[in-house]
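Reading the structure
What follows is each chain in one-letter form.
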Amino acid sequence: MGRHERIAELVHLDRPGLEVADLGAGQGRTVRAMLHAATPPARVHAVDAASGLDDEVLHDARVRSLLADLDEPLPFADASLDRAVSLNVAEHLADPTRHLAECYRVLRPGGLLVLAHSDWDTALFASPDDALTRLLVDRFVSTVPRHAERADGFMGRKLLGLATRSEFELVSADTWADCHRRFDQGSVSWKIAMGVLAATKDDPELSARATTWVEGLGQLAAEGKFLFAVTDVALVLRRPAS
Ligand SMILES: C[S@@+](CC[C@H](N)C(=O)[O-])C[C@H]1O[C@@H](n2cnc3c(N)ncnc32)[C@H](O)[C@@H]1O
């Protein structure tokens, strides 16, 4: 089971008619997984700063695409949602604590938030050069990518601390390794490797070594020996019923 299907299970779509928001929906992979659940939600609000939903998701009548800045108050009335998802977004936000407070505000009493994040410092690459991999992963997690204002490669392990400072009650805390064996262009592993490469751009010598490293990953993949994994952390948080 992949990351988005696991998240959809944690959303606990346990009755018909639920109203759900995916905060920082990206291309809509989690939205799609929820729509394929045994009891899909009646409505999914896919919220993001940018419009990245793929066509299949966008054309589903149950999906409402909302462009909004998650550093601002959420575009929902108090106690208006049954479920919310925040996956791989917190590291980009100015104030993740305020993000949780906003999620609390918009959830109905008894409503659930799935707060989940990959912990990029745990990125595992099968590579011919372990020492270089360690160096590159360190560089990757300490570099803010060009497309983001901020990033935190250790966010996964910080979620529990965030949750305990909120008004939510903790229902469950899970971790798993999101594992990939392909390294085709556009694959998850390839995108992360491109992020690693981009993080070396201001260091020509390391950048040249990183380029060779990426070629090595491609070679391993061609031989069926490639593996990429990252630890995901997922909390289910409940707004108390009363
Ligand atoms: C790493 S992607 C995760 C997307 C999706 N949750 C997933 O796991 O596939 C982060 C998403 O958060 C969005 N995002 C980051 N900061 C945001 C902000 N301040 N307001 C709204 N969306 C934001 C980005 O546009 C991007 O789509």
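Only a predicted model underlies this, so the values are computations on that prediction, with no experimental measurement involved.

**A word on helix α1 (residues 3–10)**
Every buried residue of α1 is listed here: R3, H4, I7, A8 and L10. All buried residues of α1 lie within an arc of 160 degrees about the axis, which places them on one face of the element. Against α2 (29–35), β4 (81–87), β5 (107–125), β6 (169–180) and β7 (228–238) lie the buried residues of α1. Looking one or two residues beyond α1, the residue adopting positive phi is H12, at roughly 55 degrees.

**Some details on the UniProt feature "domain: Methyltransferase type" (unreviewed entry) in the protein**
Under the present numbering, the feature "domain: Methyltransferase type" (unreviewed entry) in UniProt falls on residues 22–115. End C-alpha to end C-alpha, residues 22–115 measures 10 Å, and it is 23% helix and 31% strand.

**Things to note about the site of the ligand**
With respect to spatial proximity, 17 residues lie near the ligand, and among them G24, G26, A49, L70 and H92 are the closest. Taken together, the residues of the shell around the ligand sort by class into 7 nonpolar, 6 polar and 4 charged.

**Some thoughts on the sheet that holds β5**
Within a sheet, neighbouring strands are paired by backbone hydrogen bonds and run either parallel or antiparallel to one another. Strand order in the open sheet formed by 7 strands is β3-β2-β1-β4-β5-β7-β6, and the pairing between neighbours is mixed. Each edge of the open sheet carries a strand with a single partner, namely β3 (63–67) and β6. Going from strand to strand, the sheet's axes swing by 20 degrees on average, the running direction of each strand aside. Sheet topology note: the strand β1 (residues 19–23)/β4 ladder contains 4 bridges and is parallel. Opposite A21, over in β4, you have A84 as the bridge partner. Helix-sheet contacts for α1 involve β4, β5, β6 and β7, and the interaxial angle to β7 is about 15 degrees.

Calculation rules
Residues numbered from 1 in each chain as written. Predicted model: local features only at pLDDT ≥ 70, side-chain atom pairs only at ≥ 80, totals over all residues. Buried ≥ 20, exposed ≤ 12 C-beta atoms within 10 Å, placed from the backbone. Helix = DSSP H or I, 4+ residues; strand = E, 2+ residues; numbered from the N terminus. Arc of directions from axis to C-beta. Contact = placed C-beta atoms within 7 Å. UniProt positions renumbered as here; feature names shortened; annotations may be inferred. Near = placed C-beta within 6 Å. Nonpolar A, V, L, I, M, F, W, Y, C, P; charged D, E, K, R; others polar. Pairing = 2+ DSSP bridges. Axes fitted to C-alpha atoms, helices over the stretch in contact; angles between N-to-C directions.

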